[in-house]
Amino acid sequence: MMLLLGSTATAVATTSVDRWASCVDEILLQNADIVRHELNLYALGSSGEGTSNFHRDLLDRLLPTVVQRSHFTINLAPYPETVNFNRRNLVLILSDDLSHFNKHLPRLVEKNVEQRGYFLLLLLPRVVGVPSPVVSEQAVAKTFRLLWSVRIHNVVLAVESSSTSEGIDLLGYDPFGPGCCWCSRPKRLAQCAPAAMRQLYDRFERNLYGCQLRIASFERAPFLEFVHPANGTQQPPGRPKLAGIEGNLVELLASQLNFRFTVVQPSGNYMWGRIYPNGSATGAIGMLLDGTVHLTVGGYFPYPALLTATSQSHSYYTTDLVLAVPEELASLSPLEQLLKPFQPAIWVLLALELTLGLLALRRTATLHFWRTVIGESMPDPAIPRRTLTRFILLLWIMHSTLLRECYKGSLVGFLTEANPLADIRSLEVLIRSGYRFAMTETVYHKVFDDASSHHWLHPSQVQLIKSSDRQRLLERTILSRHRLAIAYTREEIIDFNSRNRSNINFRVSDETLLTYHFAMYFKRSSPLAGAFDWYIRRIVATGFVARWTHQSLDLRFERPTLAGTGQAEVLQMHHLHGSYLLLFAGLLLATLAFTLEHAVARWYGRARVARATNPRYPYLHELKQYPAAQRRKRRRQR
């Protein structure tokens, strides 16, 4: 009788071991590509010698088959004691009681810093040849709630089937379902049979069944805007109508994934938030890590603490952080405006030619030279009689004509071009121009205070601001016209300029400080991340973001001008004051030269008359009058 019972128990044990080994082998074979052909296998503490023997028999049957059929790399060390592992490997845990696994879970979480990977828990029978007692649904639900609390959701629990003695049920949990939000209730995925096997891992449904999600965000045009309802329209509390690229994306995801959402705005001065070395966090990131919200949207600069504590979706938008300054015209004095069309070398050459001409010609050459410069013709009496002087004057006339036409063309081009703007093309130029820089503490430490940074600013040149003060700082700066460069994104400056172009204008520098990748951030290894990422990738591939950029951003407001309207302007008196000043100066000098010449001529004329009336010939006038008197006397005689 003892031999018969022993042989019967051995046959039952052998059949049970084969069934479990076949089940695990089938699971590994179908998920080999997902888990990257790496297996971490170990057993928890057993409650009896029979169970230990069953574990060893199962390993003896399983390992050769797995190596031959699936080419797995196998690590038999307990998961908490592994040194290096693939974060997508399959962790196979053998246990005979869920309470053992629940006690082992803290060590598992402490080691699983990446909070990724796939777990297969085998709840084996305690006594060889005797089916394990039915595992209660309450115990399984408790285990799944613990797994959900530590964000381990790719878990399959294999237990003896309660309906048949020969079957093995594969249980999992989905935190969302009809009438079930965050409930982690057990769900029978399949039974260990090749024909009935279905997808066990990465099975998170893309349907949240109307569950409520809390999103930490705040208004920052044009990326996210709250559309206020019209008068008399009721708006649900915490559920504003969203606009902008992020608002449209959240609305689209809500309709596709079937969820409701509430926008929770961070309080305090640190809207975005940051994770500090001591583990504390502020702003939207702090609300995400302490469980107040389920996700946050926006552009964060990735740093190690953020990447370790959160899971990011696919980036749906990329923008640059630049320096925005109030538009400032280049300062030009009236003399610079007058001399601007020609370079200094040409003006020096002109003065030298004029000086040589004055020295070569007679004293009346000043009037003639200015007449030719302003385009007047030469009077006949002013034309010199000597051949050499006439040749020099001819060359000067030709040269003045060419010079005058060149100046007029350059002057018209200078006056009709856009107003010259101050140079802000790079950070070095802004520093030399005396600008101060306003930015958040995060940007300052990353760009200017980092050991690997190529830029350096003196603390007196930096004004640290809070993220909530940036909008007010833009308005104050544009009104005060302070020489302040503010770290901002291009899109936000475009939106700010487009509100009132005639009064509020900012320009952006060509130098990029940082590049921001906009994404949705979840708590590390949240099951929501996979579903959101799946849809975001497909939405971006359809051109949704590119279409929004083309329709919503008017790039004309990226580099506006205070005086420019975008249309050609007719030259008026205030445009040509420089040329009229030149004409007035020329006419004034010409008048002065003519007056001096006329005065000198009058003086020399009187001197000649005085010399002609010499007192040594007192009766000379009588000699001049004698022929006329003789003619009158002869006529009377006739």
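For the structure, see preceding data.
Residues numbered from 1 in each chain as written. Predicted model: local features only at pLDDT ≥ 70, side-chain atom pairs only at ≥ 80, totals over all residues. Heavy atoms only, no water.

Turning our attention to the nonpolar core. Counting 56 residues, the largest nonpolar core has L253, F259, M520 and F532 as the members making the most contacts within it. Broken down by element, this core gets its largest block of residues, seven residues, from helix α16 (residues 527-541). Discounting chain neighbours no more than four positions away, the residues touching L253 are N258, F259, M520, F532, Y535, I536 and I539. (Core = buried A, V, L, I, M, F, W, Y, C linked by side-chain atoms within 4.5 Å. Buried < 20%, exposed > 50% of the residue type's maximum accessible area, 1.4 Å probe, protein only. Helix = DSSP H or I, 4+ residues; strand = E, 2+ residues; numbered from the N terminus. Contact = heavy atoms within 4.5 Å.)

Pairing is mixed across the open sheet formed by seven strands, whose spatial order is β2-β1-β3-β4-β5-β6-β9. Each end of this open sheet is capped by a strand with a single partner; those strands are β2 (73-75) and β9 (186-191). Each adjacent strand pair in this sheet contributes to an overall mean axis angle of 25 degrees, direction not counted. Packed onto the sheet, helix α4 (residues 137-149) meets β5 (155-160), β6 (168-173) and β9 and runs at close to 45 degrees relative to β6. (Pairing = 2+ DSSP bridges. Axes fitted to C-alpha atoms, helices over the stretch in contact; angles between N-to-C directions.)

Attention shifts here to the packing of aromatic side chains. In this structure the tally under the stated criterion is 18 aromatic pairs. Plain terms: the ring middles of F223 and F518 are 4.7 Å apart, the flat faces sit at 35 degrees to each other, and that makes the pair tilted. Taken together, the residues span a long stretch of sequence, with F223 in the loop between β10 (211-216) and β11 (225-227) and F518 in strand β21 (residues 514-523) at a distance of 295 residues. Of the residues examined, F518 reaches a relative accessible area of 4% and is grouped as buried. An angle of 85 degrees between the planes, with centres 5.3 Å apart, marks the rings of W272 and Y300 as edge-to-face. Placement of the pair is W272 in the loop between β13 (259-264) and α6 (283-289) and Y300 in strand β14 (residues 295-300), with a sequence separation of 28 residues. The same class applies to W272 and to Y300, which are both buried. Aromatic ring contacts, followed pair by pair, group F218, W272, Y300 and Y521 into a single cluster. (Phe/Tyr/Trp six-rings, centres within 6.5 Å; stacked < 30°, edge-to-face > 60°.)

Looking now at unusual backbone geometry. With an omega of 0 degrees, the peptide bond between A221 and P222 qualifies as cis. Within the secondary structure layout, P222 lies in the loop between β10 and β11.

Okay, the packing of helix α5 (residues 244-257) against α16 next. Running from N to C, α5 and α16 point in directions that differ by 120 degrees, and their axes come no closer than 11 Å. Crossing geometry of α5 relative to α16 is assigned as right-handed. When α5 is examined against α16, the residues L249, L252, L253, Q256 and L257 are found in contact with a partner set consisting of A531, F532, Y535, I536 and I539. (Left-handed = near helix turned anticlockwise from the far one by under 90°.)

Glancing now at the pattern of salt bridges. Scanning the entire structure with this criterion turns up twelve salt bridges. Across the pair R556 and D554 runs a salt bridge, and its minimum N-O distance is 2.7 Å. With a relative accessible area of 58%, R556 lands in the exposed category. Here D554 falls in the partly exposed class, since its relative accessible area comes to 26%. (Salt bridge = Lys/Arg side-chain N within 4 Å of Asp/Glu carboxyl O.)

Attention now goes to the environment of S22. On the secondary structure map, S22 appears in helix α1 (residues 2-30). In this structure the C-alpha to C-alpha distance between S22 and T65, which are 43 residues apart in sequence, comes to 9.3 Å.

Within strand β3 (residues 90-95), six of the six residues are buried, which leaves it mostly tucked inside the rest of the structure. Of the two faces of β3, the one carrying L90, L92 and L94 and the one carrying V91, I93 and S95 are both buried. Where strand β1 (residues 38-43) and β3 come together, five bridges link them in parallel fashion. Its bridge partner lying in β3, L41 is registered against L92. Strand direction decides the pairing type here: β3 and strand β4 (residues 118-123), joined by six bridges, are parallel.

Attention shifts here to the state of the cysteines. The tally for this structure, following the rule as stated, stands at three disulfides. The side chain of C180 participates in a disulfide bridge whose partner is C183; the two sulfur atoms lie 1.3 Å from each other. As the torsion about the S-S bond is roughly -55 degrees, the C180-C183 disulfide counts as left-handed. Since its relative accessible area comes to 27%, C183 is described here as partly exposed. The partner cysteine of C181 in its disulfide is C211, sulfur to sulfur 1.9 Å. Sign of the S-S torsion, about -90 degrees for the bond between C181 and C211, identifies this disulfide as left-handed. With C181 in strand β8 (residues 180-181) and C211 in strand β10, the pair connects residues that are 30 residues apart, well separated along the chain. On the basis of relative accessibility, which here comes to 0%, the residue C211 falls in the buried class. Disulfide partners in the protein chain, listed by the sequence order of the bonded cysteines, are 1-5, 2-4, 3-6. (Disulfide = S-S within 2.5 Å.)

Moving on to the packing of helix α14 (residues 470-480) against helix α15 (residues 490-499). Their axes nearest at 12 Å, the elements α14 and α15 cross at an angle of 50 degrees. Taken together, the axes of α14 and α15 lie oblique to each other. For the pair α14 and α15, the crossing hand works out as right-handed. Every residue of α15 that contacts α14 at R470, Q471, L474 and E475 is listed here: E492, I493, F496 and R499. (Parallel < 35°, antiparallel > 145°, perpendicular 65-115°, else oblique.)

Relative to the elements of secondary structure, S217 occurs in the loop between β10 and β11. Judged by its relative accessible area of 2%, S217 falls in the buried class. One polar contact links S217 to R220, side chain to side chain, over a distance of 3.3 Å. In this structure S217 touches L224, V263, V264, Q265, P266 and V297, once residues within four positions along its chain are discounted. (Polar contact = N/O pair within 3.5 Å; in protein donor to acceptor, adjacent residues only side chain to side chain.)

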